[in-house]
Amino acid sequence: MATPVVTKTAWKLQEIVAHASNVSSLVLGKASGRLLATGGDDCRVNLWSINKPNCIMSLTGHTSPVESVRLNTPEELIVAGSQSGSIRVWDLEAAKILRTLMGHKANICSLDFHPYGEFVASGSQDTNIKLWDIRRKGCVFRYRGHSQAVRCLRFSPDGKWLASAADDHTVKLWDLTAGKMMSEFPGHTGPVNVVEFHPNEYLLASGSSDRTIRFWDLEKFQVVSCIEGEPGPVRSVLFNPDGCCLYSGCQDSLRVYGWEPERCFDVVLVNWGKVADLAICNDQLIGVAFSQSNVSSYVVDLTRVTRTGMVAQDPVQDSRPLAQQPPHPSAPLRRIYERPSTACSKPQRVKQNSESERRSPSSEDDRDERESQAEIQNAEDYNEIFQPKNSISRTPPRRSEPFPAPPEDDVATAKEAAEPSPAMDAQFPVPNLEVLARPPVVTSTPAPKAEPTIIPAARNEPIGLKASDFLPQAELVDEDAMSQIRKGHDTMCVVLTSRHKNLDTVRAVWTTGDIKTSVDSAVAINDLSVVVDLLNIVNQKASLWKLDLCTTVLPQIEKLLQSKYESYVQTGCTSLKLILQRFLPLITDILAAPPSVGVDISREERLHKCRLCYKQLKSISGFVKSKSGLSGRHGSAFRELHLLMASLD
């Protein structure tokens, strides 16, 4: 199979720090393509508006990392499953917990909302699949058949079937009304990561870690075609809304496939790494990927992507001429889903044997309210996204505009492609490309070069220093020139010698084994460079940190964060992040604890240290918040610190 030519149609939209700890799951709202939900190891579910830097809402209640999240079709409800096996459903419009569902014995790997009824399907590492009635807060069915973790669940467009993919290399199809398995689709040689129903026809696509995508006929229950040679494990697939092709999110690329016969229409280079989810809106494909605590979003302009017709070619991998393939048929080859006009009939309820599945919805609602909170962190975006759904308007709803594409490398091409409409011009002003393309005017007097506000750690020349400034204008012989240069050499040697002596002093104290005393001696020297050198060592071993060490280091961290030297700022951010992760929960718990009875000297000392640290952290939090809007590496670091310090507000 020929590999297509790479086209320049994709760009990175934004990168955000989504959680105070690692991101473990995320999902895009398929209806709008603008709503993003993330679950993290910090046990929170955060909601974001694509291309906006601030979190809209933060949902709490889980006590273990959130490993799976899913939005319903209208984007009014969200369900999240945790590592402990609990499932929570929130109402986004009401900003409150709706249901807590208990019953799985291991972490939740996959979730999906029923397209019409108020049902949620969950797949777990305990190999079970459960169908939940949200209204009655109970398990309707339990499906057994997989032998390993269930990685993906999808309801059919008509709501009658449920497809499941698991680590046991199989795909299974379940009949919801009968409560039994309809068919099993073997063939993959690795864990199956994703399944997706065709939007119209009785067709199912599955992607696996064996680097293949298989298409299954749901009338004949047999394989239609198999696409091999993916560049990596297949983790995300999505059919085009009209069903003409399938998009596959591969490692750093998007591939467009047909299946009868199997062929690749196009491939687009997108540097998104391992993409986690895809959505389509306004002829744009939105892809999101995460790494540690960061989430990145990308856009692919589908109007410039080949979706039918001729197979493309990769000149590196295939030198054969392009082959003309038969176009996608205008009429479907198999049956079409019959979508009900009302909510689907409720599946037959079976007798419940597990006590955890016979919970009364009224007995625990109050406890759910106390344990779970919906913290609205951006009221303006929240009201814009969720509240208008409840109001009646005589005007049609406002449609979201496509994300504007950045200009091409070629200025003429960029100017032609960037002709804005009057409405878009006000929102996204386009720079004057003629001015950008005009050659610079040469003047006899060079403009003074401003010194950067942050001095980079890696540089090839001293900031603000030029050798010519230290030499007389008259022509000199080599010996005279060297003599002039050496005038400041003695001064520099004195500075470096003093620093070396100070470090020796700190090292001598360190050998006694008292880390606190060595840090105190470094602070007493009143030289930030010595403090930075010492912190760079202490930061490498978190076990060296103690609460009394924080009281000494925090004032120095405040100075480092305000320094003009990049290396100082980086060290300060690293130390502050370590303190927040290890000691902030302890500090807040001790300060919130009721006073003890009697005299406890050790507790009083610990309380005094916590008060000092809390006061210093509050002082630093204001500066961190003011710097969280910066771009680049510094802005990302300050935004992460701001999230960690959210409990101080």
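Look above for the structure.
Just so it is clear, the structure is predicted and the values come from calculations on it, not from any experiment.

Engineer: In this structure, what is going on with the overall build of the protein? I would like to understand it.
Structural biologist: A tally of helices and strands in the protein yields 13 helices and 30 strands. Within the span of the protein, comprising 649 residues, buried residues form 47% of the whole. In the protein, once contacts between residues fewer than 6 apart in sequence are set aside, the share between residues at least 24 apart is 56%. Accessible area for the protein stands at about 33,400 Å²; split by element, carbon and sulfur atoms hold 51% of it.

Engineer: Whenever I open this one, the nonpolar core confuses me. Can you help?
Structural biologist: It is characteristic of soluble globular proteins that their nonpolar side chains tend to be buried jointly. Counting residues in each nonpolar core, the largest one holds 43 residues, and the members touching the most others are W545, L561, L576 and L617. Among the secondary structure elements, those contributing two or more residues to this core are α8 (515-524), α9 (528-538), α10 (547-561), α11 (566-592), α12 (601-627) and α13 (632-644). Per-element accounting of this core gives the leading share, 11 residues, to α11. If near-sequence neighbours (up to four positions away) are discounted, L576 is found in contact with L554, I557, L561, L617, I620, V624, L641 and M645. Of all hydrophobic cores here, the second largest spans 28 residues; its members include C152, A165, F185 and Y337.

Engineer: Sorry, what's going on with the environment of T308 here?
Structural biologist: With respect to the helices, strands and loops of the structure, T308 is situated in the loop between β29 (294-301) and α1 (365-371). Assessed through its relative accessible area of 39%, T308 is described here as partly exposed. As for T308 and F265, which are separated by 43 residues in sequence, their C-alpha atoms are 6.3 Å apart.

Engineer: Can you walk me through the sheet that holds strand β28 (residues 284-291) in this structure?
Structural biologist: For sheets, the rule is that strands pair by backbone hydrogen bonds, running either parallel or antiparallel. The strand order across the open sheet formed by 4 strands is β2-β29-β28-β27, and the pairing between neighbours is antiparallel. A single partner strand is all that each edge strand has here, and the edge strands are β2 (10-17) and β27 (275-281). Direction aside, neighbouring strands of the sheet carry axes that sit 20 degrees apart on average. In the sheet, β28 pairs with β29 via 8 bridges, with the strands oriented antiparallel.

Engineer: Would you take a moment to explain α10 for this structure?
Structural biologist: Along an α-helix, residues three or four apart share an orientation, since each turn contains 3.6 residues. With 15 residues, α10 should reach 21 Å at 1.5 Å per residue; the first-to-last C-alpha distance of 21 Å fits that figure. At V553, α10 shows its maximal kink, close to 35 degrees; a proline, P555, follows between one and four residues later. With 11 of its 15 residues buried, α10 lies for the most part within the structure. Burial in α10 covers these residues: L547, L549, C550, T551, T552, V553, L554, Q556, I557, L560 and L561.

Engineer: Where do I start with the sheet that holds strand β10 (residues 96-101) in this structure?
Structural biologist: The strand order across the open sheet formed by 4 strands is β7-β8-β9-β10, and the pairing between neighbours is antiparallel. Among the strands making up the open sheet, the edge pair consists of β7 (66-71) and β10. Mean inter-strand twist for the sheet, computed between neighbouring axes without regard to direction, equals 20 degrees. Where strand β8 (residues 77-82) and strand β9 (residues 87-91) come together, 5 bridges link them in antiparallel fashion. The residue bridging I78 from the neighbouring strand is W90, located in β9.

Engineer: Just to check I follow, could you spell out the packing of aromatic side chains for this structure?
Structural biologist: Geometrically, a pair of aromatic rings is defined through the distance of the ring centres and the angle of the planes. All told, the structure shown has 10 aromatic pairs when counted by the stated rule. On the basis of an interplanar angle of 45 degrees and a centroid distance of 5.2 Å, the ring pair of Y143 and W174 is categorised as tilted. Placement of the pair is Y143 in strand β14 (residues 138-143) and W174 in strand β17 (residues 171-175), with a sequence separation of 31 residues. With relative accessibility at 2%, the residue Y143 sits in the buried group. Ring geometry for Y565 and Y568: centres 5.3 Å apart, planes at 50 degrees, overall tilted. On the basis of relative accessible area, Y565 is assigned to the partly exposed category, the value being 33%. Owing to a relative accessible area of 16%, Y568 belongs among the buried residues under this scheme. The rings of F141, Y143 and W174 are connected pair by pair, giving a single aromatic cluster. Geometry around F403 places R34 over its ring, the cationic atom sitting 3.9 Å from the centre.

Engineer: Before we go on, may I ask you to explain the side chain of D277 in this structure?
Structural biologist: Within the fold, D277 resides in strand β27. On the accessibility criterion, D277 (8% relative accessible area) is buried. Separated by 2.8 Å, the side chain of D277 and the backbone nitrogen of L28 make a polar contact. With residues near it in sequence (within four places) discarded, D277 still touches L26, V27, L28, K30, S236, I286, G287 and V288.

Engineer: What am I meant to see in helix α7 (residues 489-510) here?
Structural biologist: The end-to-end C-alpha distance of α7, which contains 22 residues, comes to 31 Å, matching closely the 32 Å that a straight helix rising 1.5 Å per residue would cover. The complete set of buried residues in α7 reads N502, V506 and V509. Along the long axis of α7, the arc covered by the buried residues comes to 60 degrees, so they all point the same way. For α7, the exposed residues lying more than 90 degrees away from the buried face are D490, T497, H500, K501 and R507. The secondary structure elements touched by the buried residues of α7 are α8 and α9.

Engineer: Where do I start with the pattern of salt bridges in this structure?
Structural biologist: As a working rule, side chains carrying opposite charge can pair if their charged atoms are close by. Throughout the structure, instances matching the rule amount to 11 salt bridges. Of the charged contacts, one joins D533 and R499 as a salt bridge, the two residues approaching to 2.9 Å between their closest N and O atoms. Linking D533 in helix α9 with R499 in helix α7, this pair joins segments that are 34 residues apart in sequence. Judged by relative accessible area, R499 falls into the partly exposed class, the value being 30%. Notably, a salt bridge pairs E640 with K577, separated by 2.7 Å at the nearest N-O pair. Residue E640 is located in helix α13, and its partner K577 is located in helix α11; the two are separated by 63 residues in the primary sequence. Overall, K577 belongs to the partly exposed group, its relative accessible area being 29%.

Engineer: What is the right way to look at unusual backbone geometry in this model?
Structural biologist: Excluding glycine, residues mostly have negative phi values, and the peptide bonds linking residues are mostly trans. Note that the residue after E260, namely P261, is joined by a cis bond; omega there is 0 degrees. With respect to the secondary-structure elements, P261 resides in the loop between β25 (253-259) and β26 (262-269). Positive phi outside glycine occurs at N282, with the angle close to 55 degrees. Although it is not a glycine, N526 adopts a positive phi angle of roughly 65 degrees. Tracing the chain through its elements places N526 in the loop between α8 and α9. Taking the relative accessible area as the measure of exposure, N526 reaches 67% and is therefore exposed.

Rules used throughout
- Residues numbered from 1 in each chain as written.
- Predicted model: local features only at pLDDT ≥ 70, side-chain atom pairs only at ≥ 80, totals over all residues.
- Heavy atoms only, no water.
- Helix = DSSP H or I, 4+ residues; strand = E, 2+ residues; numbered from the N terminus.
- Buried < 20%, exposed > 50% of the residue type's maximum accessible area, 1.4 Å probe, protein only.
- Contact = heavy atoms within 4.5 Å.
- Areas by Shrake-Rupley, 256 points an atom, 1.4 Å probe, with all protein chains shown as cover.
- Core = buried A, V, L, I, M, F, W, Y, C linked by side-chain atoms within 4.5 Å.
- Pairing = 2+ DSSP bridges.
- Axes fitted to C-alpha atoms, helices over the stretch in contact; angles between N-to-C directions.
- Expected span 1.5 Å × (residues − 1).
- Bend = angle between axes of the 7 residues up to and from the residue.
- Phe/Tyr/Trp six-rings, centres within 6.5 Å; stacked < 30°, edge-to-face > 60°.
- Lys NZ or Arg CZ within 6 Å of the ring centre and 35° of its normal.
- Polar contact = N/O pair within 3.5 Å; in protein donor to acceptor, adjacent residues only side chain to side chain.
- Arc of directions from axis to C-beta.
- Salt bridge = Lys/Arg side-chain N within 4 Å of Asp/Glu carboxyl O.

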